[in-house]
Amino acid sequence: MDGVKLIRSRRRTLGLEVTREGNVIVRAPLRTSAATIDQFVRDHADWIEKAKARQRARLEAHPEPDEARREALLRRAREELPPKVTFYAQRMGVVPTGITITAARTRFGSCSPKNRLCFSWRLMDYPEEAIDYVVVHELAHIVHKNHGPQFWALVERYMPDYRARRNMLRG
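Residues numbered from 1 in each chain as written. Predicted model: local features only at pLDDT ≥ 70, side-chain atom pairs only at ≥ 80, totals over all residues. Heavy atoms only, no water.

> Please clarify how the sheet that holds strand β3 (residues 24-29) should be interpreted in this entry.
Within a sheet, each strand pairs with its neighbour through backbone hydrogen bonds, oriented either parallel or antiparallel. An order of β1-β3-β2 is seen for the three strands of this open sheet, with the pairing classed as mixed. Of all the strands in the sheet, the pair left with one neighbour each is β1 (4-9) and β2 (15-18). When the angles between neighbouring strand axes are averaged without regard to direction, this sheet yields 20°. Sheet topology places β1 next to β3; six bridges connect them, and they run parallel. (Pairing = 2+ DSSP bridges. Helix = DSSP H or I, 4+ residues; strand = E, 2+ residues; numbered from the N terminus. Axes fitted to C-alpha atoms, helices over the stretch in contact; angles between N-to-C directions.)

Following this line, the structure appears as structure tokens:
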């Protein structure tokens, strides 16, 4: 298990994670034997290599920006996201309580229980269609606080091609 970080906890099942940096983490129940864990990692070797390749490709496509690029993306987010939210909110008949621009690395947007929307400035590094999708996605959470069928039906009503737009964020 070279290069694999093991985290034991009171969980019931084994789990695997490949971080953004390409590190492998195995999460295991407290009493799971080392042999069982080693076999689990061997059984998932193909998945691990594919996940590492996806993370490498993502980092190559969207490297960590330097200070000037970060400032440019932040400025663009502050200028472009509020009008987009206003436009789609009016079309969808919802009212967010506010907008915050963050530096979140793992999620492009979120909607608080009080309907405040947060967007990462990192989202601005993606195509316009993907940015619009995230705005509609978060506005839909004002109506549905989950990802159930009604939520996706609402997203699709205002953005019929949302699946293709969502896929732009995965590369």
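We are not done yet, so read on.
> Even after reading the chapter, I still don't get the state of the cysteines, so can you show me in this structure?
A disulfide bridge is the covalent bond that connects two cysteines by way of their sulfur atoms. Taken as a whole, this structure holds zero disulfides when the rule is applied. With no disulfide of its own, Cys118 has Cys111 as its nearest cysteine by sulfur position, at a separation of 9.0 Å. Assessed through its relative accessible area of 23%, Cys118 is described here as partly exposed. (Disulfide = S-S within 2.5 Å. Buried < 20%, exposed > 50% of the residue type's maximum accessible area, 1.4 Å probe, protein only.)

> Is there a simple way to think about the packing of aromatic side chains in this case?
Aromatic ring pairs are reported here in terms of the distance separating the ring centres and the angle at which the planes meet. Applying the stated criterion across every chain, the model contains five aromatic pairs. Ring centres 5.0 Å apart and planes at 80° place the aromatic pair Phe87 and Tyr88 in the edge-to-face group. Seen from their ring centres, Tyr133 and Tyr162 are 6.4 Å apart, and the 15° between their planes marks the pair as stacked. With Tyr133 in helix α4 (residues 128-143) and Tyr162 in helix α6 (residues 162-168), the pair connects residues that are 29 residues apart, well separated along the chain. Judged by its relative accessible area of 4%, Tyr162 is buried. Through pairs of rings, three or more aromatic residues link up here, namely Tyr133, Phe151, Trp152 and Tyr162. Lying across the ring of Trp152, Arg166 places its NZ or CZ 5.1 Å from the centre. (Phe/Tyr/Trp six-rings, centres within 6.5 Å; stacked < 30°, edge-to-face > 60°. Lys NZ or Arg CZ within 6 Å of the ring centre and 35° of its normal.)

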